[in-house]
Amino acid sequence: MSFRPTGSATLQGEAKGSSKEPDLSYYFGEDRRQRETPDLAIEVVFTSGTINKLEYYRRFNVAEVWFWEDGVFSIYQLNSEGYDRVSRSMLLPDLDLELLGRCLQMSEEKEALKLFRDAVRAG
């Protein structure tokens with residue numbers, strides 16, 4: 001699946017009554033250039049208030065929001081009534097989030113990349 005990172009691009013909209021800047025965001029699929037809103041937003045949490053941020057993302061119809069807090073990912077998927085917390089990403093269903101979390105916490109970047117790459121190749 002093709003994707004494009006947008007970094008911490010600000011989501012803005014006067015009609016939506018807010019703006020929001022995720023720590024990271026991504027577009028997935030071939031039609032990504034035709035959309036203003038990313039498919040995935042990732043928030044790195046240092047303080048409380050994660051769930052409150054979901055309302056901002058709902059206004060922009062961000063399909064999936066991940067919160068990274070204390071070495072653990074929490075995943076929320078948008079539905080017609082808001083966000084539901086889920087155990088697996090619909091955008092990246094085969095991604096081992098526990099492994100990704102462990103790798104992100106490793107102090108040696110090359111070692112983390114090797115561990116993650118080897119695990120992906122092993123399937």
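Residues numbered from 1 in each chain as written. Predicted model: local features only at pLDDT ≥ 70, side-chain atom pairs only at ≥ 80, totals over all residues. Heavy atoms only, no water.

**Looking at the side chain of Glu43**
Our working rule: For the purposes of this entry, the term helix denotes a DSSP run of H or I that reaches at least four residues, the term strand denotes a run of E that reaches at least two, and both are numbered from the N terminus. Buried, partly exposed and exposed residues are distinguished by accessible area as a fraction of the type maximum, computed with a 1.4 Å probe on protein chains only: under 20%, between the cut-offs, and over 50%, respectively. For this analysis, a polar contact is any N or O atom pair within 3.5 Å, provided that within protein one partner can donate a hydrogen and the other can accept it, and provided that sequence-adjacent residues contribute only side-chain to side-chain pairs.
Looking at the element boundaries, Glu43 is found in strand β5 (residues 40-44). The buried category is assigned to Glu43, whose relative accessible area is 3%. At 2.3 Å, the side chain of Glu43 forms a polar contact with the side chain of Tyr57.

**Re the environment of Lys53**
In this structure, Lys53 sits in helix α1 (residues 50-59). Lys53 sits in the partly exposed class, given a relative accessible area of 24%. The spatial distance from the C-alpha of Lys53 to the C-alpha of Val65 is 9.6 Å, given a sequence separation of 12 residues.

**A short note on the packing of aromatic side chains**
Just so we agree on the cut-off: The criterion for an aromatic pair is that two Phe, Tyr or Trp rings (for Trp, the six-membered ring) have centres within 6.5 Å, with stacked assigned to planes under 30 degrees apart, edge-to-face to planes over 60 apart and tilted to the rest.
This structure, assessed with the given rule, holds 3 aromatic pairs. Ring centres of Trp66 and Phe73 lie 5.5 Å apart, and the angle between their planes is 75 degrees; this geometry places the pair in the edge-to-face category. A relative accessible area of 3% means that Trp66 is categorised as buried. Note on Phe67 and Tyr76: the rings are 5.7 Å apart at their centroids and 80 degrees apart in plane angle, and the pair reads as edge-to-face. Comparing Phe67 with Tyr76, the two get one shared label, buried. Ring pairs connect the aromatic residues Trp66, Trp68 and Phe73, which therefore count as one cluster.

Function cannot be read off these values alone, since they describe shape.
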